[in-house]
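A closer look at the structure
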Amino acid sequence: MPARRPRLAPARVHDELVESFARLREELDLPAEFPADVEAEARHAARTVAADPGAARLDDLRDIEFLTIDPAGSTDLDQALHLERIPTGGVLHYAIADLPAFVAPGGAVDAQARLRGQTLYAADGRIPLHPVVISEDAASLLPERDRRAFVWRFVLDDGARPVETTLRRAVIRSRAQWSYVDAQAAIERGTAPPSLEALAWFGPLRLAREAERGGASLNVPETRIVADDGGYRLERDAPLAVEDWNAQVSLLTGMAAADIMVRGGVGILRTMPAAEADDLAAFRAQTVALGIPWPAGVPYGDYLRGLERDSPAALAILDAAAGLFRGAAYVTFDGAPPVDRLQAAIGAPYAHATAPLRRLVDRWSLVICEALANAREVPAWARDSLPALPKIMARSDGVANRLGAATLDRVEAALLSGHEGHAFDAVVLGMRGDGARVQLTDPPVTAKVAGLDAAAGTTVRLRLTTVDVSSGTVLLEPTA
C-alpha cells in the first residue's frame, strides 16, 4: 500500500517549526531589522537619487521595451532584457539595477551591506542585503517605472556569439514583469512578445556555445520549500527551458564582465578549478555501474543534459556530478590578472555582475566594468576595498549554505512528523561513510541511512523511526 503523502497540518508541528526557525536565526546570529541610521539613509537615497535622464545626466533608453523574468511574486528585480533578431543574428540589451547610485561608499547602508554580504533566504522570510525601500522599490526594475540601470549591449552573430559589447549607465522603463511559468507558457502558445520569442533562439545556441567551451552549468533539480496554506510543502522539479535560457543571458554577461576586468587589469573573478582526473574517472566508472555510461568523446555537459532526470539511475548520477566541481572562490587583482582565472563549470573566466540588489560583490563588478569599458578611472573606493571582498563573500556564502541546509532539514522533519512507523520508497543516491544517502520518492526528502548497504540507483523501502523538528533530524531504517 503506498505511503500517504505527508503534509504539514497539525498546529503543534507548525508551532514547533516556527520556534525552530527562530532558534536557528539566533544560532547563526542572523541580522534582524536594519539599524535606524541605515533605514534613514536608504529612505533619503530613494527620495533624492534622480531617475530623470536629464537631471541624472544619463542616456535615455526608455524607448526600448525591456521586460523582466523572475520567480512569481519577486519584487527585488535585478535584471531586465530586450532581445531582437536581426538578419545577421541578434541584439541583446541587458539592464542591471543601478544599485551603486543608491549606496554612498563608506555610508551606513554600505557598512551594513558589507556585514551581510548577500540576501539570505529562509522558509520564514528572507533577510535582505539592502533596505527594501531601495532593493524592492527605488532601485528595483519594476514595470512601468523609470529606473536607473547599467545597460549591456551585445551584438550577436547567427550563433549567438557576441561580436560587439558596450556598457553604459542609463534610464530604462520595463514594460512587463513575467514569471518563469507564464513566460514558458506564452512561448509554447506562440503568444510571447518578441524578446521572449528571441530568447528561445538565443538560449539553445548559447548552450551549444557552452558545450564547445567544455562548460557544464547544468541547472539540476533542486528541492524547494513552498508556502502552502499556512504551512509548507516540498517541490523538486527540473528547471523550465526558459529558466535555462534566461540563465544564459546572465552567464554571457558575467563572462563579458570578466573579460573587461582581465583586459583592464583590475577586478574580481569567480573562479573554480577543473575537476581532478581521478574524480572524473571515478564518476565515469559510476555511470557505467548505473547502466547509463558516459561515452568517451561526449562532453561532460552534453552527457548530463541528455539524462532522463526522473529515473533512479539519473538521480544518482546527478547527485554524484554535483560533487565533481569544488573549490569555488573569489579572486581579486589590481595589476596582473590571476593565472588560474577559469570558472571550470562555465568553461571560461567569469564574474558575478548581474545581481547587485541581492549580492554584495556585484556592485564592485559593475562600477569597475563601467569605468573600464568607457576608458575612465576606476573609482578609488572600489579599487581600494577590493581585497576585502573575498573574505566577506566567503563568510556570507558559509552562512547562506548553513541556513539553507538547516531550514530544509527542519521542513523535511516537520513534513514527516507524525508518520513514524510508516514505510517510504526511496532512491539510493550513493554511499556515504557507514551508510547511504537516499532521496524519498514522496515527499522528496534527502537523508542518510546508517547501515544501509545498497548500490547507487537502486530503489529501497525504508521505515521512518524518529523525527525531531527542532533539530531537523530524520532517522530511517531498511524494512525487513
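This write-up is about the structure you can find in this document. (Residues numbered from 1 in each chain as written. Predicted model: local features only at pLDDT ≥ 70, side-chain atom pairs only at ≥ 80, totals over all residues. Heavy atoms only, no water.)

1. Quick look at the pairing of strand β14 (residues 459–468)
Condition: Paired strands are those between which DSSP finds at least two bridges. For helices the rule is a DSSP run of H or I covering at least 4 residues; for strands it is a run of E covering at least 2, with both sets numbered from the N terminus onward.
Direction of pairing for strand β11 (residues 423–432) relative to β14: antiparallel, over a ladder of 5 bridges. The residue bridging F424 from the neighbouring strand is L462, located in β14. Pairing analysis gives 6 bridges linking β14 to strand β15 (residues 473–478), with the strands arranged antiparallel. Each residue of the ladder has a partner; that of L462, found in β15, is P478.

2. Some points on the pattern of salt bridges
For clarity, the threshold we go by: We count a salt bridge whenever a side-chain nitrogen from Lys or Arg sits within 4 Å of a carboxyl oxygen from Asp or Glu. Only protein chains enter the area calculation, which uses a 1.4 Å probe; residues under 20% of their type maximum are buried, those over 50% are exposed, and those in between are partly exposed.
As enumerated under the stated definition, the model contains 30 salt bridges in all. Residue E235 is joined to R224 by a salt bridge in which the shortest nitrogen-to-oxygen separation is 3.3 Å. Here the residue E235 occupies a position in strand β8 (residues 231–237), and R224 occupies one in strand β7 (residues 222–228), the gap between them amounting to 11 residues. Among the ionic pairs, D425 bridges to R461, the shortest N-O distance being 3.0 Å. In this pair, D425 is assigned in strand β11 and R461 in strand β14, connecting sequence segments 36 residues apart. R461 gets classed as partly exposed once you look at its relative accessible area, which sits at 30%.

3. Re unusual backbone geometry
Here the residue pair D442 and P443 is connected by a cis peptide bond, since its omega of 0° sits within 30 degrees of zero. Tracing the backbone through its elements, the reader meets P443 in the loop between β12 (435–440) and β13 (446–450). Here the phi dihedral of R57 falls at roughly 55°; this positive angle occurs in a residue that is not glycine. Structurally, the position occupied by R57 is in the loop between α3 (53–56) and β1 (59–60). With relative accessibility at 79%, the residue R57 sits in the exposed group. Of note, E144 is a non-glycine position whose phi angle comes to about 60°, a positive value. Tracing the sequence through the fold places E144 in the loop between α5 (132–138) and β5 (146–156). The class for E144 is partly exposed, based on a relative accessible area of 40%.

4. Examining the packing of helix α7 (residues 194–213) against helix α8 (residues 241–264)
What counts, and what does not: Interaxial angle, 0 to 180 degrees, is taken between N-to-C directions of lines fitted to C-alpha atoms, where a helix line uses only the stretch in contact. Put simply, angles under 35 degrees are roughly parallel, angles over 145 are roughly antiparallel, angles from 65 to 115 are roughly perpendicular, and the rest are oblique. Take the far helix as your reference; a near helix turned counterclockwise from it by less than a right angle gives a left-handed crossing, and one turned clockwise gives a right-handed crossing. Only heavy atoms enter the contact rule, under which two residues are in contact if any of them lie within 4.5 Å. The nonpolar class holds Ala, Val, Leu, Ile, Met, Phe, Trp, Tyr, Cys and Pro. Asp, Glu, Lys and Arg form the charged class, and all remaining residues, Gly among them, are polar.
In contact at an axis separation of 8 Å, α7 and α8 are set at 60° when each is read in the N-to-C sense. Considering the angle they form, α7 stands oblique to α8. Along this stretch, α7 crosses α8, giving a crossing that reads as left-handed. On α8, the residues that touch L199, A200, F202, G203, P204, R206, L207, E210 and R213 of α7 are V242, W245, N246, Q248, V249, L251, L252 and M255. Of the residues belonging to the contact of α7 with α8, the class tally is 11 nonpolar, 3 polar and 3 charged.

5. Observations regarding the pairing of strand β4 (residues 89–97)
β4 sits mainly inside the fold: 9 of its 9 residues count as buried. The pairing of strand β3 (residues 79–86) with β4 spans 8 bridges and is classified as antiparallel. The residue bridging Q79 from the neighbouring strand is I96, located in β4. Between β3 and β4, which pair antiparallel one after the other, the connecting turn spans 2 residues. Taken together, the 8 bridges between β4 and β5 define a ladder with antiparallel strand orientation. Paired with Y94 across the strands is W152, a residue of β5.

6. A look at the nonpolar core
Cut-off, in case you're wondering: Residues enter a nonpolar core if they are buried and are Ala, Val, Leu, Ile, Met, Phe, Trp, Tyr or Cys, with the set joined through side-chain atoms within 4.5 Å.
Grouped together as the largest cluster of nonpolar side chains are 58 residues, with contacts concentrated most on L92, W152, L196, L199 and F202. The element that contributes the greatest number of residues to this core is α8, accounting for 10 residues. Grouped together as the second largest cluster of nonpolar side chains are 28 residues, V13, L234, A413 and L416 included.

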